[in-house]
Amino acid sequence: MEYDINDPSLAEGGVRHVEWADQAMPVLAEVRKRFERERPLAAVRIAACLHITAETANLARTLKAGGAQVVLCGSNPLSTQDDVAAALTERYETPVFARCGEDDQTYYSHIASALSLEPNLTMDDGADLVTTILTKRTDLADNIVASMEETTTGVNRLRAMEADGVLRFPVFAINDAMTKHLFDNRYGTGQSTVDGILRATGVLLAGMNVVVAGYGMCGRGLAMRMKGMGAHVVVTETDPLRALEAAMDGFEVLPMDQAAKRGDLFVTVTGNAEVLRKEHFLKMKDGALLANSGHFNVEISIDNLSELAEDIVRQVRPNVDEFRLEDGKRLYLLAEGRLINLAAAEGHPACVMDMSFALQALTAEFAVKNTADLEPKVYRVPEDIDQWVAQLKLQTMGITIDKLTERQQQYMAGWQEGT
Ligand code: ADE
């Protein structure tokens, strides 16, 4: 099959990169070993729209070990690791359609190219493949056994499709598994967002006023890590429960209108649009940094920024664009408002993607084995898969835990015993 990547000559370094990540992905490696023996994905054609990283390469190797034919396209124009894309096409016999820095038109043409495999199973990080199938390639929908969705934003889109009655095949919300969002979203996003901001700017976080917009799992992880680095963290929320949790976790909670005046650094992680907009930009301090770690580049209104700056923009260093407002105030947008952890750093560490991608592979196997029982709706990952991933992760970390005694099992199952 054809492919489209930036530079095939990067393959050798890419292989080392993929192997380095693999060392930190023992759960996925265990799945791969079994898949090699049992070939549960024979005759499955998988199109996967994921960030093209070393971790994703190890997922692709696992799916192929299971007998699947796999094609990849990137799930963000800035997140592709070109060396990994080269390793995949040149050494791991996996076609890739992704170039770091591609424009939006190329991004969508790459999705179209991946779909030319005529997949019967898809994997998404943000639901762009499913959306394309349901809107532009409806001819493919009847053959899709199932689709897997990696991220919160994608799951939200899929639930909206289900509510609108347009979903035509079963989809699995990988994001909602415990061994995904409790770890990947919290510790993965927390650390890699700090990593991206530091690589882009080199600022000292200690003593900084950092405004974290959104206190879902990703926001919680980020606020925790920023606090750990010595920042003064302010949280903004629209959900009362989450706001309460942030307050009791020890963070100052403010409406963005007020936080705007305070922040030295703003990070959006809400999954919603226009979280930072004109009214906020006008209140911000000179030199404020603006970053987004949500899936799409809609959380910071770049249109509003451009209007205010009358298009006076200059790149002051890679991944840092200066917008100079009429009054001379400068605001700095990081990584074009695209997800900072993948655009300016390498995304979540392999150790945490290990669990997320083991879930992807095992749930794909489950879907293929249970096709007859599945309907066009959003499914949770089966609990036994979640438990197995947690058990094995603990084991590979050298952690053993207690077992319930018989007496404890009886106690937990009973109701007669009280004070
Ligand atoms: N999403 C966040 N981090 C990632 C990574 N390292 N690889 C693939 N997808 C990711």
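Scroll up a little and you will see the structure.
Residues numbered from 1 in each chain as written. Predicted model: local features only at pLDDT ≥ 70, side-chain atom pairs only at ≥ 80, totals over all residues. Heavy atoms only, no water.

Undergrad: Explain the layout of surface pockets to me, please; I cannot follow it from the model alone.
TA: Sizing a probe to match a water molecule and rolling it over the atoms shows the empty space that remains. Looking at the second largest pocket, its volume works out to about 250 Å³. If you trace the second largest pocket, you find 13 residues lining it, with Asp-104, Tyr-108, Phe-296, Asn-297 and Arg-338 closest to the centre. The leading source of residues in the lining of the second largest pocket is helix α5 (residues 104-115), at 3 residues. For the lining of the second largest pocket, a count of residues per class yields 5 nonpolar, 4 polar and 4 charged. (1 Å grid on protein atoms, 1.4 Å probe; cavity = no way out; pocket = protein on both sides within 12 Å on 5 of 7 lines; lining within 4 Å. Points joined across faces, edges and corners; volume = space filled by probe spheres on them. Helix = DSSP H or I, 4+ residues; strand = E, 2+ residues; numbered from the N terminus. Nonpolar A, V, L, I, M, F, W, Y, C, P; charged D, E, K, R; others polar.)

Undergrad: Explanation requested: the environment of Arg-314 in the structure shown.
TA: Take Arg-314: it is sitting in strand β12 (residues 313-317). Measuring from C-alpha to C-alpha, the distance between Arg-314 and Asp-4 comes to 30 Å, with 310 residues separating the pair along the chain.

Undergrad: Help me out: how do you make sense of the site of the ligand in this one?
TA: The ligand sits among His-51, Thr-53, Glu-55, Thr-56, Leu-342, Glu-346, Gly-347, His-348, Met-353 and Phe-357. The contact in question runs from a nitrogen atom of the ligand to an N or O atom on the side chain of Thr-53, over 2.6 Å. With respect to the ligand, the backbone of His-348 contributes an N or O atom lying 2.8 Å from a nitrogen atom. For the shell around the ligand, the secondary structure elements donating two or more residues are α3 (54-65) and α15 (350-369). Broken down by class, the residue content of the shell around the ligand amounts to 3 nonpolar, 5 polar and 2 charged. (Near = heavy atom within 4 Å. Polar contact = N/O pair within 3.5 Å; in protein donor to acceptor, adjacent residues only side chain to side chain.)

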